[in-house]
Amino acid sequence: MNNPQSSATDSNAQTQESELRPSPLSVAEARRAEAVGRHIVLKGWVRTRRDSKAGFSFIEINDGSCFGNVQVIADSHLPNYESEIKRLSPGCSIAVTGSVKASPGKGQATEVQAAEVAVLGTADVESYPLQKKGHSLEFLRTIAHLRPRTNTFGAVARVRNCVCNSIHQYFQERGFIYVHTPVITASDCEGAGAMFQVTTLLDKQRSPLPKAPEAENATPAPGLDFSLDFFNRPAYLTVSGQLEAETFACGLGKTYTFGPTFRAENSNTPRHLAEFWMIEPEVAFCDLYGDMELAEGLLKRIFSDVLEKCAEDMQFFNERIDKTVIEILQHVIGSQFLRVSYTEAVDILNSSGQKFEFPTAWGNDLQAEHERYLTEKHFGQPVILYDYPRTIKPFYMRVNDDGRTVRAMDVLVPKVGEIIGGSQREERLDVLEARMREQGLDPAGYWWYVDLRRYGTVPHAGFGLGLERVIQFITGMANIRDVIPFPRTPGNAEF
Ligand code: ATP
Ligand code: MN
């Protein structure tokens, strides 16, 4: 394009050239029937190689763009056939230039006839851990850096991506404002322990702190003085963005957060992580019933999007992980979530004739065994429990007129149990302060939160949806460690 006068002929030449130049396609694109006849470049990792006696090899490659592979046919006339192609093994990365043909084989619309196969990276047959198929999920956790190349983790990652996209769309279409609440916080949302502390006091190199000159000679030792710490106070990784989200809801109306949350509980269960992702809508002028509607609508939207957009991945989960997942999702999308009060739930448990490890008296918190009995055995579908005893719920939940219960709700689903926990918030200043004191908290320590009730208070409600729990429910993956890229659990943070 140096000479403007020749631009017409240049662009002509360019069109011709681009028709000849192979277009880069993903495996997902190359597998579609529309790709037949196109001259393409395809890059990915070898899943398998089979050599035919008739003088060519079949190479299955995958690039993560979809569940299925593309079959590449590499002819023995290719110059590097003996030296490289016939040595390709699982895990090798290659770039194939060739043309897409309709496939005579079953189960695939297309295949690629290679004109050129460039080997980008080899993978030693002896040491590559994914040489063979069928590794256990436990083993794959020990190679978390390579498991994205497996069928299962590819499918989980694509479903997880679809769920996140769906969540944003659901809220954005309804005018919700996405708010980023802090990861480091000085307030404990649940009014209980189980938080990771954030401090630089232990790092003598980085003390003294700029704001606290008296720290100059201080040796932070057993009795740590947090007034000398980075934030001049104890600070933690957040367990929930709710309190901060409430400040935005009480100004912007409809908001949601979507970020990482941390719990230092030593719970070694298949449903708990020390670091997980939570979606927390917070809505002004909304009561508990509106909150339930929002939760039910969100879950149904996520489920139908996944069934539609990740059909091939869901087929895999249904065949190989849990034969009921698709049917359950379809059923859930088509039915109304039940709404059952805590008191009714306790009555059901008490008259169930079922033996539970933990007692089911009114006033006790429901354990996973109770939640699962209700949603799996008794109702056989998702159920929203509401109006829990005030003594077992945090200070910010609105006290009902009966004085004994609060406007809390939990959404329970079969197999996973609690997937959402939410409430209508206490908007009355005097009641909120009394509730804080009742729980041994000083309202002064939460002055900014209390201020929301002092100035223009409004009824409002919200909930927290655990991203990993919803992915477990969708995919049927039994262990939460297998639905997050790099699970953090007690004693486990290597990758
Ligand atoms: P559970 O009783 O199951 O331990 P919770 O009542 O402590 O959960 P909430 O504080 O209500 O949980 O958090 C809201 C949501 O976040 C839960 O409904 C769940 O989906 C998810 N969640 C809570 N804790 C964890 C965790 N440790 N790992 C993964 N997800 C979690
Ligand atoms: Mn909860």
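Residues numbered from 1 in each chain as written. Chains lettered and ligands numbered in written order. Predicted model: local features only at pLDDT ≥ 70, side-chain atom pairs only at ≥ 80, totals over all residues. Heavy atoms only, no water.

Concerning the overall build of the protein
Secondary structure assignment for the protein yields 13 helices and 17 strands. Based on the C-alpha atoms only, the size of the protein along its principal axes is roughly 85 × 65 × 55 Å. Buried positions account for 48% of the 495 residues belonging to the protein. The long-range share in the protein, meaning contacts at least 24 apart out of those at least 6 apart in sequence, stands at 66%. Only carbon and sulfur atoms are counted for the fraction: they give 52% of the accessible area of the protein, which is about 23,900 Å². The protein carries 52 positive and 63 negative side-chain charges, and their two centres are separated by 5 Å. (Helix = DSSP H or I, 4+ residues; strand = E, 2+ residues; numbered from the N terminus. Buried < 20%, exposed > 50% of the residue type's maximum accessible area, 1.4 Å probe, protein only. Contact = heavy atoms within 4.5 Å. Areas by Shrake-Rupley, 256 points an atom, 1.4 Å probe, with all protein chains shown as cover. Lys, Arg positive; Asp, Glu negative; His and termini not counted. Charge placed at Lys NZ, Arg CZ, Asp CG, Glu CD.)

A closer look at the domain arrangement of the protein
A common way to express how large an interface is: the accessible area buried when the components associate. The domains assigned to the protein are domain 1 (16–121) and domain 2 (152–192 + 239–482). On a C-alpha basis, the centres of domain 1 and domain 2 stand 46 Å from each other. Taken residue by residue, the interface counts six residues in domain 1 and five residues in domain 2. Here domain 1 and domain 2 share an interface that buries about 420 Å² over both sides, 51% of which is from carbon and sulfur atoms. Taken together, the links from domain 1 to domain 2 amount to one salt bridge. The residue glutamate 312 makes a salt bridge to arginine 31 at a minimum N-O spacing of 3.1 Å. Considered class by class, the residues forming the side of domain 1 that touches domain 2 number two nonpolar, three polar and one charged. (Domains from an automatic or database assignment. Buried area = accessible area lost by both parts, 1.4 Å probe. Salt bridge = Lys/Arg side-chain N within 4 Å of Asp/Glu carboxyl O. Nonpolar A, V, L, I, M, F, W, Y, C, P; charged D, E, K, R; others polar.)

Section: helix H6 (residues 288–309)
Taking 1.5 Å per residue, 22 residues should reach 32 Å; H6 reaches 31 Å between its end C-alpha atoms and fits that length. Two or three places before tyrosine 289, at the opening of H6, aspartate 287 has a side-chain oxygen 3.1 Å from that residue's backbone nitrogen. (Expected span 1.5 Å × (residues − 1). Polar contact = N/O pair within 3.5 Å; in protein donor to acceptor, adjacent residues only side chain to side chain.)

Focus: the nonpolar core
With 57 residues, the main nonpolar core has Val163, Met314, Met409 and Leu465 as its most contacted residues. In terms of residues, this core owes the most to one element, H6, which gives ten residues. If you look at the next biggest cluster of nonpolar residues, it comprises 32 residues, including Ala28, Val96, Tyr128 and Leu146. (Core = buried A, V, L, I, M, F, W, Y, C linked by side-chain atoms within 4.5 Å.)

Some thoughts on the confidence of the model for the protein
Put simply, the protein has an average pLDDT of 92, and 91% of its residues get 70 or more. Throughout residues 1–9 the model reports pLDDT below 50, and contacts reaching past four residues in sequence, or to other chains, amount to one contact. (pLDDT = per-residue confidence, 0-100.)

Some remarks on the pairing of strand E14 (residues 383–389)
With seven of its seven residues buried, E14 lies for the most part within the structure. Inspection of the sheet shows strand E13 (residues 338–341) paired to E14 by four bridges, in the parallel sense. Bridged to leucine 338 within E14 is valine 383. (Pairing = 2+ DSSP bridges.)

Focus on the site of ligand 1
Close contacts around ligand 1 come from 15 residues, with His272, Leu273, Glu418, Ile419 and Arg469 the closest. Between ligand 1 and the protein, one listed contact pairs a nitrogen atom with a backbone N or O atom of leucine 273 at 2.9 Å. Between ligand 1 and the protein, one listed contact pairs an oxygen atom with a backbone N or O atom of glycine 466 at 3.2 Å. Within the residue set of the shell around ligand 1, elements represented by two or more residues are strand E12 (275–284), strand E16 (417–424) and strand E17 (460–466). (Near = heavy atom within 4 Å.)

A look at unusual backbone geometry
At aspartate 387, a residue that is not glycine, the phi angle is positive and equals roughly 60°. By the element assignment, aspartate 387 lies in strand E14. Residue classification places aspartate 387 among the buried positions, given a relative accessible area of 14%. Of note in the backbone geometry, lysine 415 takes a positive phi value of approximately 75° without being a glycine. Locating lysine 415 in the fold gives a position in the loop between strand E15 (405–413) and E16.

Some details on a nonpolar patch on the surface
On the surface, Val183, Ile184, Phe230 and Phe231 cluster together into a nonpolar patch covering about 330 Å² of accessible area. Mapping valine 183 onto the fold places it in the loop between strand E7 (177–178) and strand E8 (184–185). (Patch = residues over 30% accessible without salt bridge, like charges linked within 9 Å, V, L, I, M, F, W, Y side chains within 5 Å.)

Thoughts on the packing of helix H4 (residues 151–173) against helix H13 (residues 467–475)
Relative to each other, H4 and H13 sit at 120°, their axes nearing to 10 Å. Relative to H13, H4 is oriented oblique. Read as a crossing pair, H4 and H13 show a hand that is right-handed. Note on element contacts: H13 touches H4 through Leu467, Glu468, Val470, Ile471, Ile474 and Thr475, opposite Val159, Arg160, Val163, Cys164 and Ile167. By residue class, the composition of the contact of H4 with H13 is eight nonpolar, one polar and two charged. (Axes fitted to C-alpha atoms, helices over the stretch in contact; angles between N-to-C directions. Parallel < 35°, antiparallel > 145°, perpendicular 65-115°, else oblique. Left-handed = near helix turned anticlockwise from the far one by under 90°.)

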